[in-house]
Amino acid sequence: MEITTFNPFTEKELGKYNIIDLEEVKSTISMLKQNQLKWRENIDSRIDRLKESRKNFEKNVESLANLMSSEMGKPISQSLAEVKKTLWLFDYYIENGEKFLENEYVQTEAKKSYIRFDPLGVIIIIMPWNFPLWQVARAAIPALLAGNSILLKHASIVSGTSLKIQELFNLDTFKSVITTGKIIDEAIKYSDGVSFTGSTAAGSIIAAEAGKNIKKFVMELGGSDPYIVLDSSNIDEAVKNSVYARLQNNGQSCIASKRFLVRDDIYEEFSRRMLEEYSRVKVGDQLDKDTYIGPLSSVSQKNIITRQLEELKSMGTIMPTGENFGNIIRPTLVKMNRDYGEEIFGPIAMLSRFKTTDEAIKLANDTPYGLGCSIWGDPDNAEKLVPYIESGTVSINKIVASDPRLPFGGTKKSGIGRELSRYGILEFTNIKTVWVN
């Protein structure tokens, strides 16, 4: 069996990759377990090796970004930014990782009592195509630094990127495998933990497999993030930021703002100006440095969004910014008159109005998801909403974004566990209590 990758704009074939079977995956896990025994022993050595990995990524910023964009359609300017953000992630953990993993001493009646953070072993990371490097890096780098080995199963449409990432890490404790979702699910029982980023439906299957085999897991799943615009907001800033908030990565981001909740007295002005801004973005070939919206990642992804647009016609007023073509869906606004429960993974913004703050909170939470929320308005007033918002992140007068210095993850059906910061590096450690009399 083979996987074939395509450029979603030209629809030309990019590469073919052989799928390995379960026995080969098990053999790779066994090899990673053996290599991890030495890797775990010395954090200074791990830091030095990750510094070398970082140099490899820095030398290949442009070629890696080009490969990523070619395989999954992200505008090249955003792929370049993604690789550079990954270099920041390297720097953050190289600088702080040893401190995060230090023994934590606790005063008791013992001669000495403390907490150690020991690696678990081999962690399978199952990653999506939408941020093909960043998602891998934020799962892999802290886990590697903690002393684990990594087995990467990437989305099939970015198989070339997956193997390139392995090449650039250049570690005997990081391997990419080209295989199926079913095979990697079966392989979870042979690992020591699993980190998954992707859809809630797929996450449920993987979490069930991990739970059945008592394996630690972290899940970063779907989102339908609210973007709340209060009447105290700077409407210029709120409109301007709504563009990237929704359209980043062609709208294919779990933390993209998808539901725009606008105070009733500014709703019409906001929606008019938002449509004007969305109409200005350049649409086309993702490898053109001026492109803002490229193709969706695949024909199947385009078909999903096309179906959802049809369903939205009965739920609101559709305001497109032009004709769709190929795998490109142009930015579209929908003035909603009732709720739509599905996550929309494309450049479609749903607008609703509210009259009171309580109504805004109710609308924001009226979703099975709880990944992020962005609130625009007077900071003091906006911050009063924070305790009542059901999400892993609330950003005030800023779009939701992941940051190596802060924990990232969701609540409800948006996930379990955290990535990034000190919290992220501890997820795949054994938090071990030591008591010495």
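The structure contained in this document is the topic of the report that follows. In this text the structure is predicted, and so the values were computed from the model without any measurement. (Residues numbered from 1 in each chain as written. Predicted model: local features only at pLDDT ≥ 70, side-chain atom pairs only at ≥ 80, totals over all residues. Heavy atoms only, no water.)

## So, helix α12 (residues 357–365)
Residues of α12 that are buried include every one of Ala360, Ile361, Leu363, Ala364 and Asn365, and no others. Residues of α12 that are buried in the fold lie against β10 (225–229), β11 (257–263), β14 (348–354) and β18 (411–412). (Buried < 20%, exposed > 50% of the residue type's maximum accessible area, 1.4 Å probe, protein only. Helix = DSSP H or I, 4+ residues; strand = E, 2+ residues; numbered from the N terminus. Contact = heavy atoms within 4.5 Å.)

## Section: the environment of Asn148
Note that Asn148 resides in the loop between α5 (134–145) and β6 (149–154). Sequence spacing of Asn148 and Lys74 is 74 residues, and the spatial spacing of their C-alpha atoms is 31 Å. Contact partners of Asn148, with chain neighbours within four places excluded, come to Gln36, Trp39, Pro119, Leu120, Gly121, Ile123, Ala143 and Phe428. Within polar-contact distance, the side chain of Asn148 engages the backbone nitrogen of Gly121 at 2.9 Å. (Polar contact = N/O pair within 3.5 Å; in protein donor to acceptor, adjacent residues only side chain to side chain.)

## Description of the packing of aromatic side chains
Per the stated rule, a full pass over the model turns up 11 aromatic pairs. Arranged with centres 5.8 Å apart and planes meeting at 75°, the rings of Trp129 and Phe345 form a pair that is edge-to-face. Of this pair, Trp129 sits in the loop between β5 (122–127) and α5 while Phe345 sits in the loop between β13 (332–336) and β14, and the two are 216 residues apart along the sequence. Pairwise contacts between aromatic rings join Phe57, Phe90, Phe169 and Phe174 into one cluster. Here the guanidinium or amino end of Lys216 rests over the ring plane of Phe428, the centre of that ring lying 5.8 Å away. (Phe/Tyr/Trp six-rings, centres within 6.5 Å; stacked < 30°, edge-to-face > 60°. Lys NZ or Arg CZ within 6 Å of the ring centre and 35° of its normal.)

## Things to note about the pairing of β11
The buried fraction of β11 is high, at six of seven residues. Bridge count between β10 and β11: five bridges; the pairing is parallel. Following the sheet pairing, Asp225 is matched in β11 by Ser257. Traced from β10 through helix α9 (residues 235–247) to β11, the parallel crossover comes out right-handed. Bridge count between β11 and β14: five bridges; the pairing is parallel. Counterpart to Val262 in the pairing with β14 is Arg353. (Pairing = 2+ DSSP bridges. Right-handed = clockwise from strand over helix to strand, strands pointing away.)

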